[in-house]
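Tertiary structure, described
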Amino acid sequence: MAAVISLLVLLVQAYGGIARVQEDLRAGRIDSVAAAENMALGVFSPDLVDDPAYRQKGFVKCLTPVVSLVKSYSPRIRPRAKAALSMLFSRPELPRSYLSPSGRFRVHYAIEGRDAVPSEDRDRDGVPDFVEEVASAFDSAYVLEVEVLGYPEPLRDGGAGGDDAWDVYLHDLGPLSSYGFTTPEKRIGNSSISYIEMDNDFEDPVFPTKGLDAVRITAAHEFFHMIHYTYYGGIGWEWWMEISSTWMEDVAHDDVNDYYNYLSFFFDHPEVPLNRQDGAHEYGASVFAHFLEERFGRDIIRKMWEQIGKTQRVDLRIWESVLPGGWREVMGEFALWNYFTGERAIPDKFYEEGAFYPEVHISGEHSALPDSGEGTVAYLASVYHRFL
């Protein structure tokens, strides 16, 4: 596990085009439209980026934020870029489809060519077993997220994709180095109709989790994005979408623990604001949702999404009445919990799985008091010092 985490950190540090675009956006070197355009080009058509450093060559768990932003800014995207990104503005075309046992999901797939799914069909019913597993995974995600946890159903798409079922398209995403993404297609009031694209076999070497485990966590993750678009069809909450969807994977499949692979992005850099979205940090920051669940109960995540839906605002202050004690109290306790991981873990007081988490980066050590120094701490961030 440590080797996988180290590899992913190196990939993002060396090749994190999304991170570089976001850095230039924060510094004012590019505007939001150019950022959205270059993030998408860096993944889907890297030869057309404005700066070679914007090319995304490393693994990105989910491309929903990239797709959501470029779709939102599409009227202002340059024609050449929009042509290169045309695949994001129409649904994939695949020759076959299978309706899930519940009738809620339609899985689109191919049995030949680059997008072909694994061919094994043990029950000889004419549908590849992999497709049936995908359908079953989404049916299970629906039961958990809607019937058990109480989230609303996503909007129906009015027959797009062949009928009114929610559509899942399986094709080769290995070249994009991503498990999948959810595309907002059409605004209906404050919500958006959406559909899902995910890998056709989950066996590419770039994937830290492979096979059916990857299918199941991706189904839980991406279906939760469909629910997110029911609450809020706009942009601005991408970081929270990824934190909460990555958390939902573990609620659905606690034994997989794919999120362990990304925790170093957060624990190595506690000085980075919690709401940073750069293609890496937000997945490590999913530990925030684990903290909220373990400290205050699972329903708090739903209440936070309900507040987004109610206010339709991109403003952290909307959660002051939802987070017990407000942001000040929650962030203080969150910072405390983050110290007790790895060899310092105390599972009966802090994270249940904290022994498997990296230890947070310590910025300085002090052997005598009084001591002196100076520095700043960003909002929604922490800096740790150890007094020996």
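Residues numbered from 1 in each chain as written. Predicted model: local features only at pLDDT ≥ 70, side-chain atom pairs only at ≥ 80, totals over all residues. Heavy atoms only, no water.

Some words on the overall build of the chain
Which entries qualify depends on this criterion: A run of DSSP states H or I qualifies as a helix once it reaches four residues; a run of E qualifies as a strand once it reaches two. Both are numbered from the N-terminal end. The globule rule is 2.2 Å times the number of residues to the power 0.38, and the radius of gyration it is compared with is taken over C-alpha atoms. Whether a residue is buried, partly exposed or exposed follows from its accessible area with a 1.4 Å probe, protein chains only, as a fraction of its type maximum: under 20%, in between, or over 50%, in that order. Surface accessibility in these figures is a Shrake-Rupley result with a 1.4 Å probe; residues are shielded only by whichever protein chains are displayed. Neither His nor the chain ends contribute to the count of charged residues, in which Lys and Arg are positive and Asp and Glu negative. Charged groups are reduced to one reference atom each: NZ for lysine, CZ for arginine, CG for aspartic acid, CD for glutamic acid.
Helix and strand counts for the chain stand at 13 helices and 7 strands. Against the 2.2 N^0.38 benchmark of 21 Å for 388 residues, the chain shows a C-alpha radius of gyration of 21 Å, consistent with a compact globule. Principal axes of the C-alpha set define a box for the chain whose edges measure 75 × 45 × 45 Å. Expressed as a percentage of the 388 residues in the chain, the buried residues total 57%. Accessible surface computed for the chain: about 16,600 Å², of which carbon and sulfur atoms make up 49%. One way to put it: in the chain the 35 positive side-chain charges average out to a point 6 Å from where the 61 negative ones average out.

Notes on the confidence of the model for the chain
Put simply, the rule reads: Confidence scores here are pLDDT values: one per residue, from the predictor, ranging 0 to 100. Contacts: residue pairs with any heavy atoms within 4.5 Å of one another.
The share of residues in the chain with pLDDT of 70 or more is 96%, and the mean pLDDT across the chain is 94. Ignoring residues within four places in sequence, the model shows residues 1-15, a span with pLDDT below 50, making 24 contacts including any to other chains.

Notes on the sheet that holds strand β1 (residues 96-99)
How we decide: Two strands pair if DSSP finds at least two bridges between them. Interaxial angles span 0 to 180 degrees and are taken between N-to-C directions of axes, which are lines fitted to C-alpha atoms, for helices over the stretch in contact.
If you trace the 5 strands from one edge of the open sheet to the other, you get β1-β2-β3-β5-β4, paired in mixed fashion. Bordering the open sheet on either side are β1 and β4 (180-188), each of which pairs with just one other strand. The mean inter-strand angle of the sheet, taken between neighbouring strand axes irrespective of direction, is 25 degrees. Where strand β2 (residues 105-109) and strand β3 (residues 166-170) come together, 4 bridges link them in parallel fashion. Bridged to V107 within β3 is V168. Packed on one face of the sheet, helix α6 (residues 129-148) meets β1, β2, β3 and β5 (191-198) and runs near 150 degrees to β2.

Details of the packing of aromatic side chains
What counts is decided by this rule: Note on aromatic pairs: the rings of Phe, Tyr and Trp (six-membered ring only in Trp) are paired at centre separations within 6.5 Å, and the planes decide the class, stacked below 30 degrees, edge-to-face beyond 60, tilted for the rest. Ring-over charges, as used throughout, are those where CZ of Arg or NZ of Lys falls within 6 Å of the ring centre and within 35 degrees of the ring normal.
What the rule picks out here adds up to 42 aromatic pairs. For the pair F105 and F223, a centre-to-centre distance of 5.4 Å together with 75 degrees between the ring planes defines the contact as edge-to-face. Here the residue F105 occupies a position in strand β2, and F223 occupies one in helix α7 (residues 211-231), the gap between them amounting to 118 residues. By the burial criterion, F105 is buried, and F223 matches it. Considering the side-chain rings of Y169 and Y195, the 5.7 Å spacing of their centres and the 80 degrees angle between planes classify their relative orientation as edge-to-face. With Y169 in strand β3 and Y195 in strand β5, this residue pair connects regions lying 26 residues apart in the sequence. Here Y169 matches Y195 in class, with each residue buried. Between the NZ or CZ atom of R156 and the centre of the ring of W166, over which it lies, the distance is 3.8 Å. When the ring centre of Y339 is taken as origin, the NZ or CZ atom of R344, which lies over that ring, is 3.9 Å away.

Quick look at the pattern of salt bridges
What counts here: Just to be clear on terms, a salt bridge is a Lys or Arg side-chain nitrogen sitting within 4 Å of an Asp or Glu carboxyl oxygen.
With the rule as written, the count across this model stands at 26 salt bridges. Across the pair D167 and R91 runs a salt bridge whose closest N-O atoms are separated by 2.7 Å. With D167 in strand β3 and R91 in the loop between α5 (79-84) and β1, the pair connects residues that are 76 residues apart, well separated along the chain. The same class applies to D167 and to R91, which are both buried. With its nearest N and O atoms 3.9 Å apart, the salt bridge here joins R122 to E120. Three or more residues are tied together by salt bridges with common partners; here these are R20, E23, D24 and R29.

Side note on the nonpolar core
What counts, and what does not: We call a set of buried residues a nonpolar core when its members are Ala, Val, Leu, Ile, Met, Phe, Trp, Tyr or Cys and they connect through side-chain atoms within 4.5 Å of each other.
Ranked by size, the top nonpolar core spans 87 residues in total, and within it L170, F223, W240, L274, F288, L292 and W319 carry the most contacts. Each residue touching W240, except ones within four places of it in the same chain, is listed here: F288, L292, I301, M304, W305, I308 and W319. With 29 residues, the next largest nonpolar core counts I18, V21, A36 and I77 among its residues.

So, the pairing of β4
Where β4 lies against β5, 8 bridges are found, and the strand directions are antiparallel. Among the inter-strand pairings, T182 is bridged to a residue of β5, identified as I196.

Here's the deal with a negative patch on the surface
To be explicit about the condition: What makes a patch is a set of residues exposed beyond 30% relative accessible area and free of salt bridges, joined within 9 Å when like-charged and within 5 Å when nonpolar (Val, Leu, Ile, Met, Phe, Trp, Tyr).
On the surface, a cluster of negative charge is made up of D254, D255, E294 and E352. Looking at the element boundaries, D254 is found in the loop between α8 (238-252) and α9 (263-267). The exposure class assigned to D254 is partly exposed, which follows from its relative accessible area of 42%.

Examining the packing of helix α4 (residues 64-72) against α8
Defined as follows: Angular relationships are summarised with four words: roughly parallel below 35 degrees, roughly antiparallel beyond 145, roughly perpendicular across 65 to 115, and oblique for the angles in between. The crossing is said to be left-handed when, going from far helix to near helix, the turn is anticlockwise and less than a right angle, and right-handed when the turn is clockwise.
At a minimum axis distance of 10 Å, the contact between α4 and α8 shows a crossing angle of 150 degrees. On the basis of their axis angle, the class for α4 and α8 is roughly antiparallel. The two elements α4 and α8 cross, and the hand of that crossing is right-handed. Residues T64, P65, S68 and L69 of α4 form the contact with α8, whose participating residues are E238, M241 and E242.

Some thoughts on the environment of V383
Along the polypeptide, V383 turns up in the loop between β6 (364-366) and β7 (385-387). Each C-alpha atom of the pair V383 and A335 lies 8.9 Å from the other, and the pair is 48 residues apart in sequence. Not counting the four nearest positions on each side in its chain, V383 is found in contact with E271, S363, T376 and V377.

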